[in-house]
Amino acid sequence: MRITISLGILLTLLSCGEELRLGSSAHIEQVTKEIDDEVLINAENRPEDWLMYGRTYNEDRQSPLKEINTGNVKDLGLAWITELGTRRGIEATPLVVNGIMFLSSTWSKVHAIDTRKGTIIWTFDPQVPKYYGEKVCCDVINRGLALYKGMIIFGTLDGRLIALNASDGTKVWETLTVDQDKHYSITGAPRIVKGNVIIGNGGAEFGVRGYITAYDAMTGELNWRFYTVPGDPSEPLESDALKMAVKTWSGKWWEYGGGGTVWDAIVYDPELDMLYIGTGNGSPWNRIHRSNDEGDNLFLSSILALKPDSGELIWYYQTTPGDNWDYTATQPLVLSDLEIDGQSRKVIMQAPKNGFFYVLDRTDGELLSAEPYTYINWAKKVDMKSARPVETEFSRYNKENVTISPGPNGGHNWHPMAYNNTTGLMYIPVQVNSFAYGHDPEWKPRSKGMNIGALTNEKNPTRDDPMSPENMEQGVLLAWDPVKQQPSWSVPNSAFPVNGGVLTTAGDLVFQGTADGRLMAYRAQDGETLWEYNIGSGIIAPPISYEVDGKQYISVAVGWGGGIPSLWAKATKTLKPGAVYTFSLGSDEPLPEKNIKAPGLTQLTFLATPGELEQGRLLYSEYCLTCHGFMGMNGGSIPNLAYSSEAVFDMIEDIVLEGAFLEKGMPNFSDRISAEEVQLIKNYILYSASQMSK
Ligand code: CA
């Protein structure tokens, strides 16, 4: 395992007769230029590198490295930390080639890091306008990059696709992939498929129509686009697939966008030459508003196989027909060959939000099995004859508010799972959670902010779930046997449902970060805890492993935030600045004591009647809650206003009505909130702070 310089570089070194300084732009150019389709298809043969989002085209996040193993993982220690200059969520999977790491961070910034020293080589800031913070559901995050022929290619929060020179971070090309007047965003990693960059987008909570696009990787020119849901049927439909899909819709869905955004899973199978994508939820959530409560609404919440050269549909499987719950099927897709009933099957596997673990034959989309991997109450089972879920009688919450499991956060979300083909187990970061859905017949979409149309209606009775397990808020690392469709082992990893993505290695190990700030190593076979390291700040991103100069490393990007965590709460006492943490055997660097302090709001007096406080609470719920969270919770990565400092509190009028904190991503609300209303909100904040200190 000593050969870390590839043959190509060796020849270059010999031919030019001088040493190429590691980490120099000439070195980076050499080691990234050779990453072409052939190298990507054979990424399995480069155990020292992590060349693609899911490591290989299978996206199983299984590293063949085993220097770190069950016997010595206890000696794993901190090698270096690189701070990234952010305090918001980091969900990214880094890429590594020949010891050079590429990583995306908040506001779609990209860093190149020399892993030999832990230093930043270059940073590229695409200058995403900060008002975009309001146009996304789930923090200003980015999940990853693509590496191809000397370029780093990534999407930006405001919907651009950008190619950089990997050697120095200068721009090669840039193209706009969305209508920026609509609430589209890109948070997912693009994938390289046969010279194309494939990218989707998000925004189904804000009323958009989903699609995926293939751009020429060398020039950024558009090659094809596939829409996942039909548009206005009075206009020509873009594909034969949509001519079939349109029959499953009703009402005026196109006025609400429809949804079906492809915001995460995009996987290519070079052997079958098929491109698989996962599609998102309906827009709005409640099918009553979207489609007169009729039809399957293809291709929402589906796994689709497309021809990579044309975007033509080959097959589809819809996990949640007529989605009503934000049950996206955008969760990571993993390819493998499994022995099922004595036959080797080429499968595609997914644990989407709806709580069922699916195994499909990826040659034709045939459902091979589907079993619940977490507690669910919206469906009884998946019927194998019709390949459809059998819904419970209360699942559609039209006449009553219903507490449904899983909630919109999903039994599993974007946090990558990992498959180990030695143990034959899939390691899934499961989120145990529920949500009270309801129907308001008077609901109307608004022009700004989220439009989900599924919140509880005070006029309706509420139905709780007497069958639900006692602990309905927790994260669990689940080792799932995809052949038997049953759990092998599981460990509760924190009291907070959202934890980190997963890595598995040939050292019989599983690595995962937790909401309560620990990086964990488990034995892959039986889940025994073998090592833990307390970072002290919640982890949501997945770790990766790679090798430099003959030594194996584990790296994870740490930055508490993302969908739920940025809004609601943190599970650690402290929050730390966003950073990459890297570990190796025998290292023992000290962990710096550097916390983001949560300032306390001192006791300011206020004068308000109970009625005014209630008005303040309603205004807070409408405009502030989705980012700043419930008042008095301990605060996520976006400040909980009850903890504001007096100095900031004094500025609230400027912040809300003048856009004083626009640069931080706080919108200017002067088009929606009056000065009197700001005062009502301020009093409500002060009231909440006074209640907290009791
Ligand atoms: Ca969604």
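Residues numbered from 1 in each chain as written. Predicted model: local features only at pLDDT ≥ 70, side-chain atom pairs only at ≥ 80, totals over all residues. Heavy atoms only, no water.

Would you mind showing me how to read the overall build of the protein here?
The helix and strand tally for the protein stands at eleven helices and 40 strands. Here the protein has a C-alpha radius of gyration of 24 Å; the compact-globule value for 694 residues is 26 Å, and the two agree. Per-residue burial over the protein gives 63% buried out of 694 residues. Long-range contacts, defined here as pairs at least 24 residues apart, represent 61% of the contacts in the protein between residues at least 6 apart. Approximately 25900 Å² of the protein is accessible, and the part contributed by carbon and sulfur atoms is 50%. (Helix = DSSP H or I, 4+ residues; strand = E, 2+ residues; numbered from the N terminus. Rg over C-alpha atoms; globule rule 2.2 N^0.38 Å. Buried < 20%, exposed > 50% of the residue type's maximum accessible area, 1.4 Å probe, protein only. Contact = heavy atoms within 4.5 Å. Areas by Shrake-Rupley, 256 points an atom, 1.4 Å probe, with all protein chains shown as cover.)

Please clarify how the coordination of the calcium ion should be interpreted in this entry.
A metal bound by six donors in octahedral fashion has ideal angles of 90 or 180 degrees, whereas one bound by four tetrahedral donors has an ideal angle of 109.5 degrees. Protein ligation of the calcium ion involves Glu205 (OE), Glu205 (OE), Asn281 (OD1), Asp326 (OD) and Asp326 (OD), the donor distances falling in the range 2.4 to 3.2 Å. Look at where the donors of the calcium ion fall in the sequence and you get E-x75-N-x44-D. Of the two residues, asparagine 281 is situated in the loop between β17 (274-278) and β18 (282-283) and aspartate 326 in the loop between β20 (313-318) and β21 (334-340); the sequence distance between them amounts to 45 residues. Like asparagine 281, the residue aspartate 326 is buried in the burial classification. (Donors = N, O, S within 2.8 Å, 3.2 Å for Na, K, Ca; no water.)

Hey, could you run me through the sheet that holds β17 in this one?
Strand pairing within a sheet occurs via backbone hydrogen bonds; the two strands may be parallel or antiparallel. Pairing is antiparallel in the open sheet, where four strands are placed in the order β16-β17-β19-β20. Two strands close off the open sheet at either side, each with one partner strand: β16 (266-269) and β20. Pairwise comparison of adjacent strand axes, ignoring direction, gives a mean angle of 15 degrees for this sheet. Note: β16 against β17, four bridges, orientation antiparallel. Counted as the bridge partner of valine 267 is tyrosine 276 from β17. (Pairing = 2+ DSSP bridges. Axes fitted to C-alpha atoms, helices over the stretch in contact; angles between N-to-C directions.)

I tried to follow the sheet that holds strand β11 (residues 191-193) on my own but got confused; where do I start?
Spatially, the four strands line up as an open sheet ordered β11-β12-β13-β14, and their pairing is antiparallel. Each of the sheet's edge strands pairs with one partner strand only, and the pair in question is β11 and β14 (222-227). Between one strand axis and the next, the sheet turns through 25 degrees on average, direction left out of account. With five bridges joining them, strand β13 (residues 211-216) and β14 adopt antiparallel strand pairing. Opposite threonine 213, over in β14, you have arginine 225 as the bridge partner.

Any chance you could explain unusual backbone geometry here in plain terms?
Trans is the common state for peptide bonds, and a negative phi is the common state for residues other than glycine. Omega for the bond connecting serine 283 with proline 284 falls within 30 degrees of zero, at -5 degrees, which places this linkage in the cis form. Mapping proline 284 onto the fold places it in the loop between β18 and α5 (287-291).

In this structure, what is going on with the packing of aromatic side chains? I would like to understand it.
For any two aromatic rings, the description comes down to two numbers: the centre-to-centre distance and the angle of the planes. One pass over the full model with this rule turns up 32 aromatic pairs. Geometrically, the ring pair formed by phenylalanine 435 and tyrosine 437 is edge-to-face, given 4.8 Å between the ring centres and 80 degrees between the ring planes. Residue phenylalanine 435 is classed as partly exposed on the basis of its relative accessible area, which comes to 22%. Assessed through its relative accessible area of 0%, tyrosine 437 is described here as buried. In this structure an aromatic cluster arises from ring pairing among Tyr317, Trp325, Tyr327, Phe356, Tyr358 and Trp378. One cation-aromatic arrangement involves arginine 61 over tyrosine 53; the distance from NZ or CZ to the ring centre is 4.6 Å. (Phe/Tyr/Trp six-rings, centres within 6.5 Å; stacked < 30°, edge-to-face > 60°. Lys NZ or Arg CZ within 6 Å of the ring centre and 35° of its normal.)

Whenever I open this one, the side chain of arginine 345 confuses me. Can you help?
One can find arginine 345 in strand β22 (residues 343-350). If near-sequence neighbours (up to four positions away) are discounted, arginine 345 is found in contact with Ser336, Asp337, Leu338, Ile340, Asp361, Glu366 and Leu368.

Where do I start with the domain arrangement of the protein in this structure?
Frequently, the measure chosen for interface size is the accessible area that the parts lose on association. As assigned here, the protein comprises domain 1 (7-153 + 414-434 + 477-596) and domain 2 (610-692). Between domain 1 and domain 2, the C-alpha centre-to-centre distance is 35 Å. (Domains from an automatic or database assignment.)

In this structure, what is going on with the state of the cysteines? I would like to understand it.
Here, disulfide denotes a covalent bond that connects the sulfur atoms of two cysteines. Evaluation of the coordinates by the stated rule reveals one disulfide. Cysteine 137 shares a disulfide with cysteine 138; S-S distance 2.2 Å. Across the disulfide from cysteine 137 to cysteine 138, rotation about the S-S bond amounts to roughly -105 degrees, and the bridge is consequently left-handed. (Disulfide = S-S within 2.5 Å.)

Mind showing me how you'd approach the pairing of strand β25 (residues 379-383) here?
It is a general feature of regular strands that their side chains alternate between the two faces of the sheet. With four bridges connecting them, β25 and strand β26 (residues 388-391) associate as antiparallel partners. Opposite lysine 381, over in β26, you have valine 390 as the bridge partner. Taking the residues between adjacent antiparallel strands as the criterion, β25 and β26 are bridged by four residues, where alanine 387 takes a positive phi near 60 degrees.

Would you mind showing me how to read helix α7 (residues 610-623) here?
Note that an α-helix has 3.6 residues per turn; residues three or four places apart therefore point the same way. Here α7 is 14 residues long and its end C-alpha atoms lie 20 Å apart, about the 20 Å a rise of 1.5 Å per residue gives. For α7, the full list of buried residues reads Leu613, Gly616, Leu619, Tyr620 and Tyr623. For α7, the buried positions fall inside an angular range of 120 degrees around the axis, keeping them on one side. (Expected span 1.5 Å × (residues − 1). Arc of directions from axis to C-beta.)

Would you explain the nonpolar core in this entry?
Note that soluble globular proteins tend to have their nonpolar side chains buried in a common cluster. Counting 97 residues, the largest nonpolar core has Phe102, Ile153, Phe511 and Phe583 as the members making the most contacts within it. Leaving out residues up to four positions away in the same chain, phenylalanine 511 has contacts with Ile68, Val73, Leu76, Gly501, Val502, Leu503, Thr505, Met520, Ala521, Trp531, Pro543 and Ile554. Counting residues in hydrophobic clusters, the runner-up holds 31 residues, among them Tyr276, Ala370, Ile376 and Phe394. (Core = buried A, V, L, I, M, F, W, Y, C linked by side-chain atoms within 4.5 Å.)

Before we go on, may I ask you to explain the side chain of threonine 392 in this structure?
Along the polypeptide, threonine 392 turns up in the loop between β26 and β27 (401-404). Residue classification places threonine 392 among the buried positions, given a relative accessible area of 12%. Not counting residues within four places of it along the chain, the set of residues in contact with threonine 392 comprises Asn377, Trp378, Ala379 and Lys380.

When you look at empty space enclosed by the protein in this model, what are you seeing that I'm missing?
Rolled over the atoms, a probe with the dimensions of a water molecule shows which regions are left empty. Evaluation of the coordinates by the stated rule reveals five cavities of 30 Å³ or more. Quantified by volume, the largest cavity comes out at close to 100 Å³. Around the largest cavity, the lining comprises 16 residues; the ones closest to its centre are Met52, Tyr53, Pro190, Arg191 and Ile192. Elements supplying a minimum of two residues to the lining of the largest cavity: β7 (146-148), β11 and β16. Looking at the lining of the largest cavity, the element that brings in the most residues is β16, giving three residues. Counted by class, the lining of the largest cavity contains 13 nonpolar, one polar and two charged residues. (1 Å grid on protein atoms, 1.4 Å probe; cavity = no way out; pocket = protein on both sides within 12 Å on 5 of 7 lines; lining within 4 Å. Points joined across faces, edges and corners; volume = space filled by probe spheres on them. Nonpolar A, V, L, I, M, F, W, Y, C, P; charged D, E, K, R; others polar.)

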